[in-house]
Amino acid sequence: MVTSSSVPRLVVAAPSSRSGKTTVATGLMAAFAARGLAVSPHKVGPDYIDPGYHALATGRVGRNLDAYLCGPELVGPLFLHGARGCDIAVVEGVMGMYDGAAGEGELASTAHVAKLLRAPVVLVVDASSQSRSVAALVHGFVSFDPEVRVGGVILNKVASDRHEELLREALEQVGVPVLGVLRRAPQVDTPSRHLGLVPVAERRAAAVEAVAAMAAQVSAGCDLEALAGLARSAGALSCAAWDAAEAVSSPTHHLTRSDKRPGRRAEAGGGAPRVAVAGGPAFTFSYAEHAELLAAAGADVVPFDPLRDEELPEGTSGLVIGGGFPEVYAAELSANEGLRKAVAVLAESGAPVAAECAGLLYLCRELDGLPMCGVLDAGARMTERLTLGYRDAVAVGDSVLAAAGTRMRGHEFHRTAVEPGSGADPAWGFRTPHRRVEGFVQRGVHASYLHTHWAAEPGVARRFVERCRTS
């Protein structure tokens, strides 16, 4: 019998970005699912887009494992939470296998997460433009950290039968088995733009076809039995699965200074404050644990789509607007005047509003010259500059999310700029990479570019729901 702590699992890594990790990981997930297995999909790092493709491949929520945002101690518990009831888990890595948070050594790298999960690694190698050199490359990755167990290699973008033969001959010297060989296949490509792949929600039919093509390619080119066997060799984890109800109700775990009350579960049928959570194609970035924590804290969580819904859900007492691509849908968001006004009225009433990145842009006065909600006296626009990286942040003052002095780690990822970049009461002060303040706190609004993972600080969800009850 497979217990939750010993669920078979493997990590899909690569020497560098653009080696084919997403194709292999997503295709492997879909191929295992097609065999009738319950597959748990995971992504290393803060990426929101790949988990959408993982969810399409498996029929389960794609979840992130980020040792920087959540701390190494939560990687195992969050993994086990997502893998409950599953037959096998596939974890897609991030960047190159040993690339992690800048200046932090191995922290948050694929290799770090693989060690925390006691999981074997499959190395996806872009074999184009090389033959015997592949042996030196793989040898370096296998020997760099003896605690990382590379159990096999999948060769991607192999040009011909002769090319494959040369690659296999070279890798025999390394002693790492070849578990798959994939040829170039344009049908598995997914379109990209300024922040990476186009999310599933924006190209549903095409995404379904792409995932099916990935599954077919992986099934034809990889030894699924050997890969499943490798997954079964993962060591058991000694930690317990993360639980949202336990997290929000703990009086000692991750508390904000001014909120030490245990969370309360809502009674069925009444008493639960309604929290509207933005979704749809324009707002696709959200960690699944956020909604789970809000519900565990007693909220009635209701999704809505700002592109289509002309009103907020009836009885809304709090609003959460996560990340996404409002700049792509600025005209449609602006044209939905009824919802923009409803958001402004809710914010003016003092109701709790939490907005991250895309949500920040939506609350601004305008985005690329088009009217938005006007909650914040700030303008937003697209730029050529990419802002990207982890941040060590501290709450500058009290807000609906955190008490002054609360420390959280977050991630910025955008090509837009908001002017001014902060209000009279900023949301966060950044300690890294350089000291600055950012974001807006006014009335019940907390708006910022910073993406945070609330599992690292469950008091955020508890505090937000309590403010919804009392506002």
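Coordinates for the structure precede this section.
Just so it is clear, the structure is predicted and the values come from calculations on it, not from any experiment.

Visitor: Looking at this structure, how should I read helix 6 (residues 161-172)?
Guide: Since there are 3.6 residues in each turn of an α-helix, residues three or four apart along the chain are aligned in direction. Over its twelve residues, helix 6 extends 17 Å from the first C-alpha to the last, a length consistent with the 16 Å expected when each residue adds 1.5 Å. Within helix 6, burial applies to H163, E164, L167, A170 and L171. Around the axis of helix 6, the buried residues are gathered within 130° of arc, so they sit on the same side. For helix 6, the exposed residues lying more than 90 degrees away from the buried face are D161 and E172. Residues of helix 6 that are buried in the fold lie against helix 5 (133-144), strand 6 (150-158) and strand 7 (178-183).

Visitor: Quick question: what am I supposed to make of the packing of aromatic side chains here?
Guide: Tallying each qualifying case throughout the model produces seven aromatic pairs. An angle of 25° between the planes, with centres 5.8 Å apart, marks the rings of Y98 and F141 as stacked. Remark: F141 occurs in helix 5 and Y98 occurs in the loop between strand 4 (88-92) and helix 4 (110-116); sequence separation between them is 43 residues.

Visitor: So what exactly am I meant to see when it comes to the packing of helix 1 (residues 21-34) against helix 2 (residues 49-58) here?
Guide: Geometrically, a packed helix pair is captured by the angle between its two axes and the distance between the axes. At a minimum axis separation of 8 Å, helix 1 and helix 2 run at an interaxial angle of 20°. Considered as vectors, helix 1 and helix 2 are oriented roughly parallel to each other. Two packed elements cross with a definite hand, and for helix 1 against helix 2 that hand is right-handed. Contacts from T22, T26, M29, A30 and A33 in helix 1 reach D50, Y53, H54, A57 and T58 in helix 2. Broken down by class, the residue content of the contact of helix 1 with helix 2 amounts to five nonpolar, four polar and one charged.

Visitor: When you look at the nonpolar core in this model, what are you seeing that I'm missing?
Guide: Proteins that are soluble and globular tend to have nonpolar side chains buried together. By size, the foremost hydrophobic cluster in this structure holds 118 residues, and its most contacted members are F79, M97, L155 and L227. Here this core takes seven residues from helix 1, the largest share from any one element. Counting residues in each nonpolar core, the second largest holds 38 residues, with L312, L333, A380 and A447 among its members.

Cut-offs applied
Residues numbered from 1 in each chain as written. Predicted model: local features only at pLDDT ≥ 70, side-chain atom pairs only at ≥ 80, totals over all residues. Heavy atoms only, no water. Helix = DSSP H or I, 4+ residues; strand = E, 2+ residues; numbered from the N terminus. Expected span 1.5 Å × (residues − 1). Buried < 20%, exposed > 50% of the residue type's maximum accessible area, 1.4 Å probe, protein only. Arc of directions from axis to C-beta. Contact = heavy atoms within 4.5 Å. Phe/Tyr/Trp six-rings, centres within 6.5 Å; stacked < 30°, edge-to-face > 60°. Axes fitted to C-alpha atoms, helices over the stretch in contact; angles between N-to-C directions. Parallel < 35°, antiparallel > 145°, perpendicular 65-115°, else oblique. Left-handed = near helix turned anticlockwise from the far one by under 90°. Nonpolar A, V, L, I, M, F, W, Y, C, P; charged D, E, K, R; others polar. Core = buried A, V, L, I, M, F, W, Y, C linked by side-chain atoms within 4.5 Å.

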